[in-house]
Number of protein chains: 2
Amino acid sequence: MRVAVLGVGLIGGSIGLAVRARLEGAVVTGYDPDLELLERAVELGAVDSTAGSVEGAVAEAELVFCAAPVAALPVVAREALEAAGEEAAVTDVGSVKAETVEALGDDPRFIGGHPVAGAETAGVEHARADLFDGARWYLTPTARTGGLLYDRVQRAVSEMGARPQAIDAGDHDQLMALISHLPHVLADLLVAQASQGLGDGERLPEVGPSFRDATRVAGANPAIWADIFAANSEAVADQVEAAAERLGEVAALLRAGDREGIAAWHLRASEQRRALLEADLAGGPLHELRVAVPNRPGIVAEIALELGRAGVNIEDMGLYPAADMRSGAVSLYVAGDEEAERAADLVRKLGHDVTTVER
Amino acid sequence: MRVAVLGVGLIGGSIGLAVRARLEGAVVTGYDPDLELLERAVELGAVDSTAGSVEGAVAEAELVFCAAPVAALPVVAREALEAAGEEAAVTDVGSVKAETVEALGDDPRFIGGHPVAGAETAGVEHARADLFDGARWYLTPTARTGGLLYDRVQRAVSEMGARPQAIDAGDHDQLMALISHLPHVLADLLVAQASQGLGDGERLPEVGPSFRDATRVAGANPAIWADIFAANSEAVADQVEAAAERLGEVAALLRAGDREGIAAWHLRASEQRRALLEADLAGGPLHELRVAVPNRPGIVAEIALELGRAGVNIEDMGLYPAADMRSGAVSLYVAGDEEAERAADLVRKLGHDVTTVER
């Protein structure tokens, strides 16, 4: 199969590597307006050959991956469709879909795609053949999409290690707005409100890890996120307005002194979070082991090593330095009741104090 | 000095231990309605002796710490003031202050307090003499507070290792509403909205760590948080309504297709967060090192150990298992440009791919 990859950054480069490693007999032609990047892609083995234009890359291709930045995707995909043959399948990798699909959806050869993988900032030097292993790869066919072409994309993605799933482009964007874009907006909001509330340039008083955790993605990758917000503005606005309405309801409960209502709302959140994240927890319910430790190099290693030796898998970890930077806490998240108890015992034997909470 | 501690859980027990270890000549009398707990406190050395009632505990005390749960604090503090001598200072440890201070503020012997330390769920068995080392300890004197008594509390807290800071009770509650209670409300909101949007009982599709990070405290410690929300309901409602208003503004920017406005808002958030959290970053700007790793026991240890050996301090860490649970990513947060570069090199030498992003 002849495959074209338009744009050879992290995602395009990884597509090239995965196709070459896993699709028998596939040959990859790469194109990128950045010639240095293209050269790197050749050196890394991400493409077999290069082309000097979109047309040159897709002329003979049966399968075309458009892997440009979100804002450029509709244009690149349009160019690819114009130059590609009647029997070519053209797909993209944008994390927002409706706009592109609407622009190109009347062409039966276009199938929108979104691999949920990769740190979006990284360059081709981080491309890996196994980047998509086990990753969800959304595909957004329309009523006009050619069945054979869809099957070709779906099969290729699957052979590259990903788990393809068909979804309506609009549904996809609402889903992303809900579970990815809204959390980013709320993180931004929290820092904006805290910054204004405290006075510009003020430092945050020490109040435990909730603020840090909640705002970790605040202002993340500005170039990429401005594009994502812009491309998915209506769906994000829907979710943002729904959130504002919910906040209004919470404020009303608080003003009314409805302690039971607030307590019920808060309690439900812990059950809902558990249900939502269950997929992460193959081993059983998640426990947080909070370990008080001196804040010095090596301490995390000591604990992690001990658990590793005993075969305990740490699902997640957070470090919370105390204000004096000499002491702190390590939170270890371990799945399964027995596993958590065993882990707590091991850490206690190292001489640390451990508090366990079910999450 | 004769000190009384009313309530000997994690905080009360740690106060007893810290007072006995660090206040020369201090003698601690403990009281708790839970006799088993009181006995444990004696065994752990958190108190010198016990009393059978609040009256018995405070009769001779010069300094009284009320360390009951938030909801019970006003009552316990009132009892303590009634039984205590004219020259006794009475303080508490509640994380919400205005209500209690208003109820007791006309008594010059009462000084509200809030040590920012301790996992609130834990029991006396986790009490430690060094729990307050370097921790902020808010004190909320009023115009009626006796100067000598305030000085006594402030000195004791300081000798116990904490960093006392005077603040108006109302300001304190607004501050906590902003930087601690609002993040909890937003975490609850996110899971509620996602849960409803996806359909009850649905699992979250895989979309990277933003949702996990943003909702880590959703539904945290329901019993304690219902009390906190109730005790600080007006201030939290203020912040929640302000957040709703901000969200309305963001939605308007999105609906208007104001890409520049959105981009500027998002970009500002990263600068604001850096300024807010600067105190955490003694070593320079924070870098995230994203490391692609197989998801198996021991891998975190291997990396942490290598960095520990080289004297690199890990400020924070997050583990992000991929959907297949066989691979994943580890995010290491390291302060300082050079330190981050050194850390990245070390991890690369272990054979892992590393992407570095400044946070």
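Presented here is an overview of the structure given in this document.

Thresholds, definitions, all that
Residues numbered from 1 in each chain as written. Chains lettered and ligands numbered in written order. Predicted model: local features only at pLDDT ≥ 70, side-chain atom pairs only at ≥ 80, totals over all residues. Heavy atoms only, no water. Helix = DSSP H or I, 4+ residues; strand = E, 2+ residues; numbered from the N terminus. Contact = heavy atoms within 4.5 Å. Buried area = accessible area lost by both parts, 1.4 Å probe. Salt bridge = Lys/Arg side-chain N within 4 Å of Asp/Glu carboxyl O. Polar contact = N/O pair within 3.5 Å; in protein donor to acceptor, adjacent residues only side chain to side chain. Nonpolar A, V, L, I, M, F, W, Y, C, P; charged D, E, K, R; others polar. Core = buried A, V, L, I, M, F, W, Y, C linked by side-chain atoms within 4.5 Å. Buried < 20%, exposed > 50% of the residue type's maximum accessible area, 1.4 Å probe, protein only. Phe/Tyr/Trp six-rings, centres within 6.5 Å; stacked < 30°, edge-to-face > 60°. Lys NZ or Arg CZ within 6 Å of the ring centre and 35° of its normal. Least-squares fit on C-alpha atoms with pLDDT ≥ 70 in both. Pairing = 2+ DSSP bridges. Axes fitted to C-alpha atoms, helices over the stretch in contact; angles between N-to-C directions.

## Notes on the environment of Thr29(B)
Residue and element names in this part refer to chain B.
(1) Moving on: Turning to its location among the elements, Thr29 is positioned in strand S2 (residues 27–31).
(2) Moving on: Residues Thr29 and Arg78 lie 49 residues apart in sequence; the distance between their C-alpha atoms is 18 Å.
(3) Moving on: For Thr29, the residues in contact, after removing those within four places along its chain, are Val3, Ala4, Val5, Ser49, Thr50, Ala51 and Ala57.

## Some thoughts on the interface of chain A and chain B
(1) Moving on: Residue-level contacts link 124 residues of chain A with 123 residues of chain B.
(2) Moving on: Between chain A and chain B, a total of about 11400 Å² is buried, with carbon and sulfur atoms accounting for 63% of that surface.
(3) Moving on: Inspection of the region where chain A meets chain B yields ten salt bridges.
(4) Moving on: For Arg259(B), the salt bridge goes to Asp227(A), with nearest N and O atoms at 2.4 Å.
(5) Moving on: Counting across the interface, chain A meets chain B through 28 residue pairs in polar contact (both at pLDDT 80 or more).
(6) Moving on: For the side of chain A that touches chain B, the element with the highest residue contribution is helix H7 (residues 169–198) of chain A, accounting for 21 residues.
(7) Moving on: Partitioned by chemical class, the residues of the side of chain A that touches chain B number 68 nonpolar, 27 polar and 29 charged.

## Here we look at the nonpolar core
(1) Moving on: If you look at the biggest cluster of nonpolar residues, it comprises 88 residues, and the most contacted ones within it are Phe211(A), Val240(A), Leu247(A), Val240(B) and Leu247(B).
(2) Moving on: By size, the runner-up hydrophobic cluster in this structure holds 42 residues, among which are Ala301(A), Ile303(B), Val312(B) and Leu346(B).

## Examining the packing of aromatic side chains
By convention here, two paired aromatic rings are described through the distance between centres and the angle between planes.
(1) Moving on: Under the definition given, this model contains six aromatic pairs over all chains.
(2) Moving on: Aromatic pair Phe132(A) and Trp137(A): ring centres 5.0 Å apart, planes at 55°, arrangement tilted.
(3) Moving on: When its relative accessible area of 0% is taken as the criterion, Phe132(A) is described as buried.
(4) Moving on: A residue is classified by how much of its surface remains accessible, and Trp137(A), at 0% relative accessible area, is buried.
(5) Moving on: Arg216(A) extends its terminal NZ or CZ atom over the ring of Tyr333(B), reaching a point 4.9 Å from the ring centre.

## Some thoughts on the relation of the copies chain A and chain B
(1) Moving on: Structural alignment of chain A on chain B gives an RMSD of 0.1 Å, achieved by rotating through 180° and translating 0.0 Å along the axis. A rotation of that kind, with that shift, is consistent with a two-fold axis.
(2) Moving on: Taken as a fraction of all interface residues of chain A, those also at the interface in chain B reach 99%, which identifies the copy contact as same-surface.

## Description of the environment of Arg152(B)
Residues and elements named next belong to chain B.
(1) Moving on: Positionally, Arg152 belongs in helix H6 (residues 147–159).
(2) Moving on: In the structure, Arg152 is positioned 118 residues away from Asp34 in sequence and 29 Å away in space, judged by C-alpha atoms.
(3) Moving on: In contact with Arg152, not counting residues within four places along its chain, are Met1, Glu62, Leu63, Glu87, Ala88 and Ala89.
(4) Moving on: A distance of 2.8 Å separates the side chain of Arg152 from the backbone oxygen of Glu87, its partner in a polar contact.

## Regarding the sheet that holds strand S4 (residues 63–66) of chain B
All names here are of chain B.
(1) Moving on: Pairing within the open sheet is mixed, and its eight strands lie in the order S3-S2-S1-S4-S5-S6-S7-S8. Sheet topology places strand S3 (49–50) and strand S8 (163–166) at the edges, where each strand pairs with a single neighbour.
(2) Moving on: With four bridges joining them, strand S6 (residues 110–115) and strand S7 (residues 136–140) adopt antiparallel strand pairing. If you follow Gly113 over to S7, its bridge partner there is Leu139.
(3) Moving on: Against the sheet, helix H7 (residues 169–198) touches S6 and S7, its axis set at about 140° to S7.

## Comments concerning the pattern of salt bridges
(1) Moving on: One pass over the full model with this rule turns up 38 salt bridges over all chains.
(2) Moving on: We note a salt bridge from Glu288(A) to Arg290(A), for which the minimum N-O separation is 3.2 Å.
(3) Moving on: For Glu260(B), the salt bridge goes to Arg259(B), with nearest N and O atoms at 3.8 Å.
(4) Moving on: Residue Glu260(B) is classed as exposed on the basis of its relative accessible area of 58%.

## What about the pairing of strand S9 (residues 286–294) of chain B?
Residue and element names in this part refer to chain B.
(1) Moving on: Along S9, seven of the nine residues are buried, which leaves the element largely enclosed by surrounding structure.
(2) Moving on: Relative to strand S12 (residues 353–358), S9 is paired through six bridges, and the arrangement is antiparallel. From the neighbouring strand, Glu288 faces S12, where its bridge partner is Val357.

## Re the side chain of His287(A)
Residue and element names in this part refer to chain A.
(1) Moving on: Tracing the chain through its elements places His287 in strand S9 (residues 286–294).
(2) Moving on: In this structure His287 comes out as buried when scored by relative accessible area, which is 9%.
(3) Moving on: Of note is the side chain of His287, whose polar atom sits 2.7 Å from the side chain of Asp337.

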